[in-house]
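What follows is each chain in one-letter form.
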Amino acid sequence: MKLLYLALVEMDVHGGPKTHLLEICQNLAALGNDILILLPAQKVKPRVAGCRVVTIPFFGFSKCSLIIFYLTISLYLIYYLVRFRPDSIYERDMNNLLPVIICRIFRKPIIIEVNGSIRDDMEQIKASRLTIDIACLVQRYELKCADRIIVTGVGLKNMFLKEYGLPSDKVFVVDNGVNTELFHPMDKNKCRVRTGLSPERLYLGFIGTFNPHHDITTLISALPVVIQSNPNVYLVLVGKGLTLDDAKRRANELGIDNRVIFRGSVPYDEMPYYINSFNISILTANRIKINREGISSFKLMEYMACGQAIIVNDIPDSPTPQALRDRVISVPPGDPELLGEAIVSLLKDRDLREKLGERALNFIEEGYTWKDAAEKTQRLLLHKKAGT
């Protein structure tokens, strides 16, 4: 199958969008598909194993620059529809109407992948109400025009069905995967030597973006309760983002800045060494995020693949699958005292940590690798190509 993939992803920035694109495209190529990817130009041309990459002039995220990029990628789309003759077009949602219109004209199926709520994303960057409403209107129209929609969790599917009135048989869930060749259990002491962490200490760990929906300040606020129970505990935070300064400020206010280790961003292939250095891996989120999407995320899958004992924020009526809930310790969001108590309890119970780690690893082995995600995606693409 010939697939034309469109995305507005900065491939020189480490993060979820880059990881998802690389893993899905590389695994689709490994399944024998011919893939051409249109991406914004970077300082160094992106490489995606098994795929051809064409870069498009890109001048940043200002409104004017985005309009230029959207027009330009649409012209490239027309050119490669004629020259490459793809069977299907796959777009990582760019909030751009032109690709779906062009595909309608050329009678080519277009599948759009959506990884989150555009309303939530724009509220995080404090966009104006008018800008947010326009973006949601554009997304509603492009999803209605798409032949199929792929989302990364049942929570997102439910959100789009409710808010946009989409038919249920048009929206498909393909869960995030994990690269098990990279993320797997390793010797903790060897990993700590590599990451510069002490073999004598107990480490709680978080890896991810410092965005409002991750609620890092609640995690930091829970630490004094933990330290009071066990003075040998430290918190390692890996990543950066909008709330990084708030997190540092909160640690200073609580007088625990010497117990919180900020490591900034680390290369993707170094993350497994950090995860395997932790005694407990933690994934916090606010109530809005949980209500919409549950607890499924890249980082949770990577924690699980490393056989970690995991504490997450979750609520009983969230869309989190029960099979996933059974592998983690869940705590209501926004409550540092309850979170601290859960951490203290789990630190005291080594047997439970080991059992949780085994359950987490078994969950990944049941079919949550990136290869599994690519195979599900290919089945959707082939069915659409066949007109089913």
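Residues numbered from 1 in each chain as written. Predicted model: local features only at pLDDT ≥ 70, side-chain atom pairs only at ≥ 80, totals over all residues. Heavy atoms only, no water.

Asks: Could you clarify how one ought to interpret the environment of Glu163 in this entry?
Replies: With respect to the helices and strands, Glu163 occurs in helix α6 (residues 154-164). The partly exposed category is assigned to Glu163, whose relative accessible area is 37%. Between the C-alpha atom of Glu163 and that of Cys136, which follows or precedes it by 27 residues, the distance is 9.9 Å. When residues no more than four places from it in sequence are discounted, the contact partners of Glu163 are Arg140 and Arg292. (Helix = DSSP H or I, 4+ residues; strand = E, 2+ residues; numbered from the N terminus. Buried < 20%, exposed > 50% of the residue type's maximum accessible area, 1.4 Å probe, protein only. Contact = heavy atoms within 4.5 Å.)

Asks: Even after reading the chapter, I still don't get the sheet that holds strand β13 (residues 329-331), so can you show me in this structure?
Replies: Strand order in the open sheet formed by 6 strands is β10-β9-β8-β11-β12-β13, and the pairing between neighbours is parallel. Either end of the sheet is taken by a strand with one partner, and the two such strands are β10 (260-264) and β13. The average angle at which neighbouring strand axes cross in this sheet is 25°, direction not considered. Relative to strand β11 (residues 280-283), strand β8 (residues 202-207) runs parallel, the two being bridged by 2 bridges. Residue pairing across strands places Leu204 opposite Ile280, the latter belonging to β11. (Pairing = 2+ DSSP bridges. Axes fitted to C-alpha atoms, helices over the stretch in contact; angles between N-to-C directions.)

Asks: Honestly, the side chain of Arg192 in this entry has me stumped. Any pointers?
Replies: Mapping Arg192 onto the fold places it in helix α7 (residues 188-195). One buried charged residue, Arg192, remains without a salt bridge, the closest side chain of opposite sign being Glu200 at 7.9 Å. Leave out the neighbours within four places in its chain, and Arg192 touches Leu197, Ser198, Pro199, Glu200, Arg201, Tyr203, Ser277 and Asn279. (Lys, Arg positive; Asp, Glu negative; His and termini not counted. Salt bridge = Lys/Arg side-chain N within 4 Å of Asp/Glu carboxyl O.)

In short, the description is geometric, and any link to function would need to be established separately.
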